Structure formats: structure tokens, C-alpha cells
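Structure assessment
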Amino acid sequence: MSTGMSTVMCLRLHPADGGPLGADAYAGVLALLGGITPAVQALPPDAALADVRAALRYFGCDAAGLAAVIRVRALALHGVDAAVGVAGNPMLARAAAREARPGATLVIPDEPVAVREFLARKPVTALDGVGPKAARTLCSYGLDSVGRVAAAPPAALRRILGARLGREVQERALGIDRTPVRPGAAARAIAAERTFERDELDPVRHRRALLSLTEELGAKLRTPLRAPLRTPLRTQEQGAGQVCRTLSLTVRCADRTTLTRTRTLAEPTAHSAVLTATAYALYAGLGLQRARVRALSLRAEDLTPAERATRQLSLDPEDEKARRLEAVTDRVRARFGPHAIARGTLAA
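So, a few notes on the structure that sits alongside this text. Computed from a predicted model, the values in this text were never measured in an experiment.

Scoring rules and cut-offs
- Residues numbered from 1 in each chain as written.
- Predicted model: local features only at pLDDT ≥ 70, side-chain atom pairs only at ≥ 80, totals over all residues.
- Heavy atoms only, no water.
- Salt bridge = Lys/Arg side-chain N within 4 Å of Asp/Glu carboxyl O.
- Helix = DSSP H or I, 4+ residues; strand = E, 2+ residues; numbered from the N terminus.
- Buried < 20%, exposed > 50% of the residue type's maximum accessible area, 1.4 Å probe, protein only.
- Axes fitted to C-alpha atoms, helices over the stretch in contact; angles between N-to-C directions.
- Parallel < 35°, antiparallel > 145°, perpendicular 65-115°, else oblique.
- Left-handed = near helix turned anticlockwise from the far one by under 90°.
- Contact = heavy atoms within 4.5 Å.
- Nonpolar A, V, L, I, M, F, W, Y, C, P; charged D, E, K, R; others polar.
- Pairing = 2+ DSSP bridges.
- 1 Å grid on protein atoms, 1.4 Å probe; cavity = no way out; pocket = protein on both sides within 12 Å on 5 of 7 lines; lining within 4 Å.
- Points joined across faces, edges and corners; volume = space filled by probe spheres on them.

Taken as a whole and judged by the stated rule, the model has 14 salt bridges. Here E99 ties to K122 by a salt bridge, and the two come within 2.0 Å at their closest N and O atoms. Here E99 is found in helix α4 (residues 90-99), whereas its partner K122 is found in the loop between α5 (112-119) and α6 (132-140), with 23 residues between them in sequence. For K122, a relative accessible area of 15% puts it in the buried group. Measuring nitrogen to oxygen at the nearest pair gives 3.0 Å for the salt bridge that ties R299 to E301. When its relative accessible area of 41% is taken as the criterion, R299 is described as partly exposed. On the accessibility criterion, E301 (17% relative accessible area) is buried. Each of the salt bridges in this network shares a partner with another, and the network as a whole consists of D46, R194, E216 and K220.

And the structure:
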């Protein structure tokens, strides 16, 4: 929805020392944003949305100028560098933040032509509301990019996806996102991606990248988020972190085709071993053989706070041992950095 100017920011946070983003630093940046605008939505574990429309009038600058102020304050006060995306709505701001470099701001002008140019070449999975099933359906009709979806006849999209979803997907392909910034709303998914330096044929390297991705996702899910009580945002304390119920694997091949598979887990989890086994199973199910792979990404979805989830007790002592070791590893990485300890296969 056009507002005449870009007023929504998405910040992706990166500690300046290269270590993991601690709960205190994250809460501090949220408090910093809360002192600028009350419309701040946490996107744990390392991102946030802010509607700065009123703040722009107060500070007397444009969104890019305000983003520069926020980046400087976050770095000076909390040791956190930020990649900032600025756009006219949350969906576009998140997309811009994914492409912005740490310490830089990417602004998408709130103009139809600029929005179309930014979105045109992106895969349909970049659109909110387009899951693996809808993406496969659209791709089977040749609608594999946002630009092609935007140009498709509305009636055709309604027949392919259904009336409601077809209308929403085309609106988002045109850069229209009617969802507001929701203070205190919990993140619904987190993702991680590995891009190979050159198109990779070796399945061993594919599996090694998947192992790295599940280690990263597991650590992010298990990271506790505790905001101070004085934080204006009043983010919900999430104790031991979050668990996911669904895992999606996306493979981007050298010929630009995109393959996606999704699996619902037997129970919600943040256990890296379970995530790894599931990712390997999804990868094996694709039957890639000697495919030239450009990038692999994993997405943990259907997130819930860990303290609200139930876990079937295991009678396997090795599983309990692995979970205890995982907890120790998380504490070591939180104190000494993400590379302080690693699996032998990843350190090789």
C-alpha cells in the first residue's frame, strides 16, 4: 500500500566483533528503537521492524538519515552493526534488509516503478504467503518469478491458487502489503542460506552445507530472548528460546530453477541433530544426483516459545547426552563467539 514515502525500517543486527548477538544487546537495540517510535516489532533472534512515520516529522529528516542515526547509536551503545532496509511496507522493508550490507541502508522508493524493478527478478518464494506448495503450483504454470506473477491475469491466479490467496499473492507481487508493524508480535519463521562460490556438484559438500545450516538454525532457535522490564517495547520473554514444527529446504540450481521440499516434524524441536536428520532426508528426497547447486537454504517455520512445547522423553542415553552437549556448546559460543567450537566436519 503506497503511503507517498518510505516509512518502514527493517534492521538485521550483526555484532561488530563477529560474535553471536546476545540477548542483552538485542534487547538494548529494541529499547533504542522504542525510544524513537512506539511501533516496533521484534523479529527474533536478530531483526526488528519499525514504523518511523511520526519519528521522521519529529527528527526532521528522511528515513535514510534516521537509519544512519540508529546505526551509529546501536554501534556506539551496544556494539551492534545493522543492515537496514527502508520501504513503504513491512514486506518490502524485510526484502531490502536481506540485500543490504552490514553498516549500510538500502532504500526502496515508495514508487510503483521502483518497487516493480526491485521485485521483478526475485523467485516467488520471496513473497509473503507463498509457501512451498503454492510455489510449486505457480512454477508448474511458468510463474516462477515475482515479475511474472505481477503480470499474470488476476483471474488466472484466482483459478490457480484460489480466490483469496490468488488476490493476496498478486497484490504482494505488485509490492502491496497491507499488514502493519505489530509491536510485540512473535516471529513466525527464521531462515539461513549458504551460497557456494561456484556451482557445486559434490553431494558431500551439499550435506556439509546442510549441517552448517542446521547448526546455525538450532543455535538461533535455542537463543533466549529476555527483554528488560523497562524496555518500552515490552517484548514477551521467551525463556529458553523457540522450537519449530516445520522445516523447509530450498535448493537453487545453476539454471535458476528452484526446488523446495517441506516436512512437518514429529514434535516441535530446536535440537540440531533432529534438524540435521530432517534436512538430509529432504535433500535425499529431491534425488539431485549430479545437480549443479548454487545455493541451499533452510527455513524453520511454525515457531512457538520452547516453554510452551512438549517433548517426548527419550529412553536413549545417547540422545540425552547429545542434548546436554548441545547446551554446553551453546554457552561456549555465547561467551567466546560462534567459531569457538565446531563440529570436526565443519572445521575441516
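Additional details are given in the paragraphs that follow.
The next thing to look at is the packing of α6 against helix α8 (residues 154-161). Interaxial distance between α6 and α8 falls to 10 Å at its minimum, and their mutual angle equals 130°. Between α6 and α8, the angle falls in the class oblique. Here the hand of the crossing between α6 and α8 comes out right-handed. Taken together, the residues of α8 that come into contact with α6 (itself represented by A134, T137 and L138) are L157, I160 and L161. When grouped by side-chain class, the residues that make up the contact of α6 with α8 number five nonpolar, one polar and no charged.

This part is about the environment of A270. Relative to the elements of secondary structure, A270 occurs in the loop between β8 (258-269) and α11 (272-286). In sequence terms A270 and V243 are 27 residues apart; their C-alpha atoms lie 4.8 Å from each other. In this structure A270 touches G218, L221, R222, Q242, V243, L275 and E326, once residues within four positions along its chain are discounted.

Working definition: the strands of a sheet are paired by backbone hydrogen bonds and lie parallel or antiparallel to each other. Pairing in this open sheet of five strands is mixed, and the strands run β2-β3-β1-β4-β5 from one edge to the other. The two strands at the open ends of the sheet, each matched to only one other strand, are β2 (40-43) and β5 (105-107). The sheet shows a mean angle of 15° between the axes of neighbouring strands, taken without regard to direction. In the sheet, strand β1 (residues 8-15) pairs with strand β3 (residues 47-51) via five bridges, with the strands oriented antiparallel. If you follow L11 over to β3, its bridge partner there is A48. With respect to the sheet, helix α3 (residues 63-78) is in contact with β1, β4 (80-87) and β5, its orientation differing from that of β4 by roughly 165°.

What follows is about helix α9 (residues 163-173). Among all positions in α9, only G166, V169, Q170, E171, R172 and A173 are buried. Considering only its buried residues, α9 is in contact with α4, α5, α7 (146-151) and α8. Two residues or fewer after α9 comes G175, characterised by a positive phi angle close to 90°.

So, about the layout of surface pockets. In this structure, the second largest pocket spans a volume of roughly 510 Å³. Considering the residues around the second largest pocket, the lining is formed by 21 residues, among which P123, D144, R256, T257 and T258 are closest to the centre. Put simply, the parts of the chain that give the lining of the second largest pocket at least two residues each are α6, β7 (242-253) and β8. Here the residues of the lining of the second largest pocket are counted per class, giving seven nonpolar, five polar and nine charged.

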